[in-house]
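# A look at the structure
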Amino acid sequence: MKELLGSRYKLGEMIGTGGMADVYIAQDQRLSRKVAIKVLRSDLAKDPQFVARFRKEALAAAALNHPGVVAVYDSGEVPAPYIVMELVSGHTLREIIHQGERLPLDRALEISEGILVALEYSHEKGIVHRDIKPANVMITDQGDVKVMDFGIARALDDVGATLTSTWNVVGTAQYLSPEQALGESADYRSDIYSAGCLLYEVLTGRPPYIGDTPVSIAFQHVSGELIKPRSLNQNLPEGLDIILTVALAKKPENRYQSAKEMLADIRKLRAGHAVTTKVARKPIKWRPILVAALSAVIAGGLITYGVLNSSTTISSSLVEIPNVVGLTQPQAEVLLSDFVVTVQRAHDGRVPKDRVASQVPLPTSKVKKGTGVILTLSDGPGDAIIPTNLVGMSLADARVSLAAAGLVISRTDPIPSDQLQGTILQVTPDAGSTIPAGSGVVLQIASGDIEVPSLVGVDGIQALTVLIQAGFLVNQIEAYDVNQSIGIVLAQAPEPGTTHTIGSSVTITINRAP
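Numbering of residues starts from 1 in each chain and follows the order in which that chain's sequence is written. Under the rules for a predicted model, residues below a pLDDT of 70 receive no local features and side-chain atom pairs below 80 are neither given nor counted, while totals for whole chains, interfaces and linings still include all residues. The side-chain values count all of the structure's non-hydrogen atoms but skip hydrogen atoms and water molecules.

## Concerning the overall build of the chain
Helix numbers and strand numbers start at the N terminus; a helix is a DSSP run of H or I with at least 4 residues, a strand a run of E with at least 2. Along its length, the chain carries 15 helices and 26 strands. Across the 514 residues in the chain, those meeting the buried criterion constitute 47%. Contacts were defined at the residue level, with two residues in contact if any of their heavy atoms lie within 4.5 Å. Put simply, 68% of the contacts in the chain that link residues at least 6 apart link residues at least 24 apart. Here the chain displays about 23700 Å² of accessible surface, and carbon together with sulfur accounts for 52% of that area. Here the term buried applies to any residue with accessible area under 20% of the maximum for its type, exposed to any over 50%, and partly exposed to those in between, with areas from a 1.4 Å probe on protein chains only. Where accessible areas are quoted, they stem from the Shrake-Rupley method and a 1.4 Å probe; at the residue level, only the protein chains shown are allowed to cover.

Next comes the structure, spelled out in structure tokens:
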């Protein structure tokens, strides 16, 4: 494979691999930013069925532009099909769960909110995710929630076709909706069911249904009795039994009818209000044919990745849409002279103001001349509101709250105080103020001295976590030492064992290949 994709992207190290593609860090030469590039595996690139599915993944995801969704910037097909995505630094929820970490109730609900906000947006765009599970939810280093991999999503234009007649992809059996398990059409409410499964697991430590085989798990989704979450964790509030019983109803018509409805109940619960949504308790009549139906569907590959036989024919009269992301509007319109261009504007902190932030259809798509192309011009990062509840928080909680609002801590001023060490005493600018997103906020914190931990040789992500939890601000720089493992800390300043004021900065040097 060429090192430079699309005459624009310089490939770096591989950071992940999956059943269909390998993922690399790359440098976007045009916009001088790091991106992630998902490249279809070479053994699959020769198969037109897999290429068609890969292309459809890009088209579905490119229609979404939301902070809670991992953004898709670009795509191409030479020398192999690839998708250019936002590079997100953090951990998947699956990694967090598998580490045995039990999240506090409010944090678990906050993550669920983030997922539902992203789903509410995608559903408004006519896109059903179809594979909500912990591995597809990223928690960034700043604590934000991002839903990724709309790889088996499909525009609702195709909703008349069932999964078994269009895709053989449904993902992990533990998060399947009953209708997906039976190979029936999946809509918005299928995503709500899967989001309910995910929240259930985060709160109780196990998925709602478990079994030795995908068939046995799928059968329980369709006909098994749900164990109330409070039976597994007595510390949960009563409202959660209601929320999860509704979200995990067997019949779609008995569930929340939109992500917005479930989101409203979770916000009520977090605010300390009663959840009053009615639970429909209609008995499920067991039918012998159900076992045969489930077995046939799953034996046909429902729980595996694959695509039914299909053929894709591209007419020789079609033309390829050029890539104009990063250009000005006049520059883009020159290249798009064969198309009907519509321009809209949106805030985007990743792309300079008045440059093209995204285009639909995606670059390199083959369409007829005269096809409409929608360009989104960046209005810059936009505004953010400083949270009003920072005073009294710990420094760690304040950092998360500010990150969620699109802001960062620019400086901390330690002040002698009888408050607990690291408690926020004052915020500048004032709480509730509107400032440009991405701006820094100055915090006065209760002073106290803490010891700098020893970090050299530690994994960079682990070092970042240790420093943040200890109450330090972190500066990261990169260097390369061929004799050391990639990703570890090569150096730190100040020296380990020295004592410094809480909220002060520690610089770590991470080993990165050039």
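This is not the end of the story, as more comes after the structure.
## So, the sheet that holds strand S14 (residues 356–360)
Each pair of strands is called paired provided DSSP finds at least two bridges between the two strands. Spatially, S13-S16-S14 is the arrangement adopted by the three strands of the open sheet, whose pairing is mixed. Only two strands of the sheet have a single neighbouring strand rather than two, namely strand S13 (340–346) and S14. Adjacent strand axes in the sheet meet at a mean angle of 25°, parallel and antiparallel pairs treated alike. As paired elements, S13 and strand S16 (residues 372–378) share seven bridges and run parallel to each other. The residue bridging Arg345 from the neighbouring strand is Leu377, located in S16. Note on definitions: angles span 0 to 180 degrees between N-to-C directions of axes, and those axes are lines fitted to C-alpha atoms, for helices only across the stretch in contact.

## So, helix H7 (residues 188–204)
With 17 residues, H7 should reach 24 Å at 1.5 Å per residue; the first-to-last C-alpha distance of 25 Å fits that figure. Where burial is concerned, most of H7 is hidden: 15 out of the 17 residues are buried. A positive phi of about 90° marks Gly205, the residue just after H7. In this scheme, a helix's expected span is set at 1.5 Å multiplied by one less than its residue total.

## Quick look at the pattern of salt bridges
Salt bridge, as applied in this entry: a Lys or Arg side-chain nitrogen positioned within 4 Å of an Asp or Glu carboxyl oxygen. If you walk through the whole model with that rule in mind, you get 14 salt bridges. For Asp28, the salt bridge goes to Arg8, with nearest N and O atoms at 2.8 Å. A residue pair is termed long-range when its members are at least 10 positions apart, and Asp28 in strand S3 (residues 21–28) and Arg8 in the loop between strand S1 (4–5) and strand S2 (9–17) qualify at 20 residues. Neither Asp28 nor Arg8 differs from the other in exposure class; each is buried. As a salt-bridge pair, Arg270 and Glu113 come within 3.1 Å of each other at their nearest N and O atoms. Separated by 157 residues along the polypeptide, Arg270 in helix H11 (residues 259–270) and Glu113 in helix H4 (residues 105–124) bring together distant segments of the chain. You can call Glu113 buried: its relative accessible area is 12%.

## Section: the environment of Ser231
Looking at where Ser231 falls in the secondary structure, it is placed in helix H9 (residues 229–232). On the basis of relative accessibility, which here comes to 54%, the residue Ser231 falls in the exposed class. Separated by 27 residues in the primary sequence, Ser231 and Thr204 have C-alpha atoms spaced 9.1 Å apart.

## Here's the deal with the packing of H4 against H7
To characterise two packed helices, one gives the angle between the axes of the helices and the distance between these axes. It is at 10 Å that the axes of H4 and H7 come closest, and there the two elements cross at 165°. One way to sum up the angle between H4 and H7 is to call them roughly antiparallel. Two packed elements cross with a definite hand, and for H4 against H7 that hand is right-handed. Counted together, Leu105, Ala108, Leu109, Ser112, Ile115, Leu116, Leu119 and His123 of H4 and Tyr188, Asp191, Ala195, Leu198, Leu199, Val202 and Leu203 of H7 form the full contact between these two elements. Three categories are distinguished: nonpolar for Ala, Val, Leu, Ile, Met, Phe, Trp, Tyr, Cys and Pro, charged for Asp, Glu, Lys and Arg, and polar for the others, with Gly belonging to the last. Grouping the constituent residues of the contact of H4 with H7 by class yields twelve nonpolar, two polar and one charged. By the definition adopted for this analysis, an angle is roughly parallel if under 35 degrees, roughly antiparallel if over 145, roughly perpendicular if from 65 to 115, and oblique otherwise. Crossings are assigned a handedness: left-handed for a near helix turned anticlockwise from the far helix by less than a right angle, right-handed for a clockwise turn.

## So, the pairing of strand S6 (residues 82–86)
Judged by how many residues are buried, S6 sits mostly within the fold: five of five residues are covered. Sheet topology note: the strand S5 (residues 72–76)/S6 ladder contains four bridges and is antiparallel. Within S6, the residue paired with Gly76 across the bridge is Tyr82. Adjacent in sequence and paired antiparallel, S5 and S6 are bridged by five residues.

## Details of H4
Given a rise of 1.5 Å per residue, 20 residues ought to cover 28 Å, and the 28 Å separating the end C-alpha atoms of H4 matches this to within 8%. Counted residue by residue, H4 has 14 buried out of 20 residues, so it is predominantly covered. Just downstream of H4 lies Gly126, where phi reads positive at about 80°.

## A look at a nonpolar patch on the surface
Exposure above 30% relative accessible area and the lack of any salt bridge qualify a residue for a patch; like charges then connect within 9 Å, and the nonpolar side chains Val, Leu, Ile, Met, Phe, Trp and Tyr within 5 Å. A surface patch of nonpolar side chains, about 290 Å² in accessible area, is lined by Tyr480, Val482 and Ile486. Position of Ile486 among the secondary structure elements: in the loop between strand S23 (473–479) and strand S24 (489–493). On the basis of relative accessible area, Ile486 is assigned to the partly exposed category, the value being 37%.

## With respect to the nonpolar core
We call a set of buried residues a nonpolar core when its members are Ala, Val, Leu, Ile, Met, Phe, Trp, Tyr or Cys and they connect through side-chain atoms within 4.5 Å of each other. Counting 59 residues, the largest nonpolar core has Leu93, Ile115, Leu199 and Met262 as the members making the most contacts within it. Counting residues per element, this core draws most heavily on H7, at nine residues. The residues touching Ile115, leaving out its near neighbours within four places in the chain, are Ile132, Val137, Val145, Val147 and Leu198. Core analysis: the second largest hydrophobic core is formed by 28 residues, Val441, Ile445, Leu467 and Phe472 among them.

## A few points about the sheet that holds strand S9 (residues 137–140)
Spatial strand order, S7-S9-S10: three strands in an open sheet with antiparallel pairing. Of all strands in the sheet, those bounded by a partner on one side alone are strand S7 (90–92) and strand S10 (145–147). Neighbour-to-neighbour, the strand axes of the sheet open up by a mean angle of 30°, direction not taken into account. Sheet topology places S9 next to S10; three bridges connect them, and they run antiparallel. The residue bridging Val137 from the neighbouring strand is Val147, located in S10.

## Some remarks on unusual backbone geometry
With omega at -5°, the peptide bond leading from Thr428 into Pro429 counts as cis. Structurally, Pro429 can be placed in the loop between strand S19 (424–428) and strand S20 (434–436). Here the phi dihedral of Ser7 falls at roughly 55°; this positive angle occurs in a residue that is not glycine. On the secondary structure map, Ser7 appears in the loop between S1 and S2. Positive phi, normally seen in glycine, also occurs at Arg130, with a value near 80°. Considering the arrangement of structural elements, one finds Arg130 in the loop between strand S8 (127–128) and S9. A relative accessible area of 2% places Arg130 in the buried class.

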